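Tertiary structure, described
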Amino acid sequence: MATEQTSAVTADAASVPALNLVLAMHRLRRGLRAVLQPGQFNPTQLLILTQLAGRTPVRVGELAHRVHVSQPTATTVVNGLAAAGLVQRIKDTEDGRAIKVSLTDHGMQKLTEVGRQEAAFLDTLINALPDDEKATMLAAIPIMLRIADASTTAEQRISGLAARADTWDRSTKTGS
């Protein structure tokens, strides 16, 4: 019994740095969102705009999957962004019934403005650090970018496995 408790405590202690990082990232993200003008963008709108930046047009269902919302939610958000001239709908050349979405120049401009506002906020926080902590923070940026890339790659791999499992499950039910 004591061994089980010790191993559980050890496992919890090992996760403390990651937990602290998660909590810090959530607090920092909340601070970044507070920099935006009231009503400028909600988190889902920003996620969708970011997913469209620098990419070929994407179907709404794919956007929903990427930002972890339902397709009706993604459709509603895309409709609002389109009404504001931030995204445009394009007919899918492979499937005439489907619509793809892309970022407009205006949308890219607005997304860049948000990025600049958030970067200015972070610059203020980083510049307020003592020189040694500032250097450590700046040195960590390439590491954080690699972690973010690895996270995206892992998420895509997991999504691909889930999609294949879903396809396999449907084919076994239909006998295809």
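It should be emphasised that the depicted structure is a prediction, and the values quoted were computed from it without experimental measurement. (Residues numbered from 1 in each chain as written. Predicted model: local features only at pLDDT ≥ 70, side-chain atom pairs only at ≥ 80, totals over all residues. Heavy atoms only, no water.)

Structural notes on the packing of helix α2 (residues 43-52) against helix α4 (residues 71-83)
The N-to-C vectors of α2 and α4 enclose an angle of 80°; their axes lie 10 Å apart at closest approach. In this view, α2 runs roughly perpendicular relative to α4, as classed from their interaxial angle. Contacts from T44, Q45, I48 and L49 in α2 reach A74, V77, V78 and L81 in α4. (Axes fitted to C-alpha atoms, helices over the stretch in contact; angles between N-to-C directions. Helix = DSSP H or I, 4+ residues; strand = E, 2+ residues; numbered from the N terminus. Parallel < 35°, antiparallel > 145°, perpendicular 65-115°, else oblique. Contact = heavy atoms within 4.5 Å.)

Quick word on the nonpolar core
Ranked by internal contacts, the top residues of the largest apolar core, which has 22 residues, are I48, L49, L52, L81 and V87. Those elements that provide at least two residues to this core are α2, α3 (60-67), α4, β3 (99-103) and α5 (105-127). If you tally residues by element for this core, the top one is α4, at five residues. Filtering out sequence-adjacent residues up to four positions away, L52 remains in contact with V58, L63, V87, V101, S102 and L103. (Core = buried A, V, L, I, M, F, W, Y, C linked by side-chain atoms within 4.5 Å. Buried < 20%, exposed > 50% of the residue type's maximum accessible area, 1.4 Å probe, protein only.)

Focus on the pairing of β3
Bridge count for strand β1 (residues 58-59) against β3 is two bridges, and the pairing is antiparallel. In the strand pairing of β3, V58 is matched with V101. Relative to β3, strand β2 (residues 87-91) is paired through five bridges, and the arrangement is antiparallel. Of the residues in β3, the one forming a bridge with R89 is V101. (Pairing = 2+ DSSP bridges.)

Description of α3
Listed in full, the buried residues belonging to α3 are V60, L63, A64 and V67. Around the axis of α3, the buried residues are gathered within 100° of arc, so they sit on the same side. Those residues of α3 hidden inside the fold are in contact with α2, β1, α4 and β3. Just downstream of α3 lies H68, where phi reads positive at about 60°. (Arc of directions from axis to C-beta.)

Focus on the layout of surface pockets
A volume near 2300 Å³ is recorded for the largest pocket. Together, 41 residues line the largest pocket, and M25, R29, R33, L47 and A148 are the ones closest to its centre. Secondary structure elements with two or more residues in the lining of the largest pocket: α1 (2-35), α2, α3, α5 and α6 (131-174). At 13 residues, the largest contribution of residues to the lining of the largest pocket is made by α6. (1 Å grid on protein atoms, 1.4 Å probe; cavity = no way out; pocket = protein on both sides within 12 Å on 5 of 7 lines; lining within 4 Å. Points joined across faces, edges and corners; volume = space filled by probe spheres on them.)

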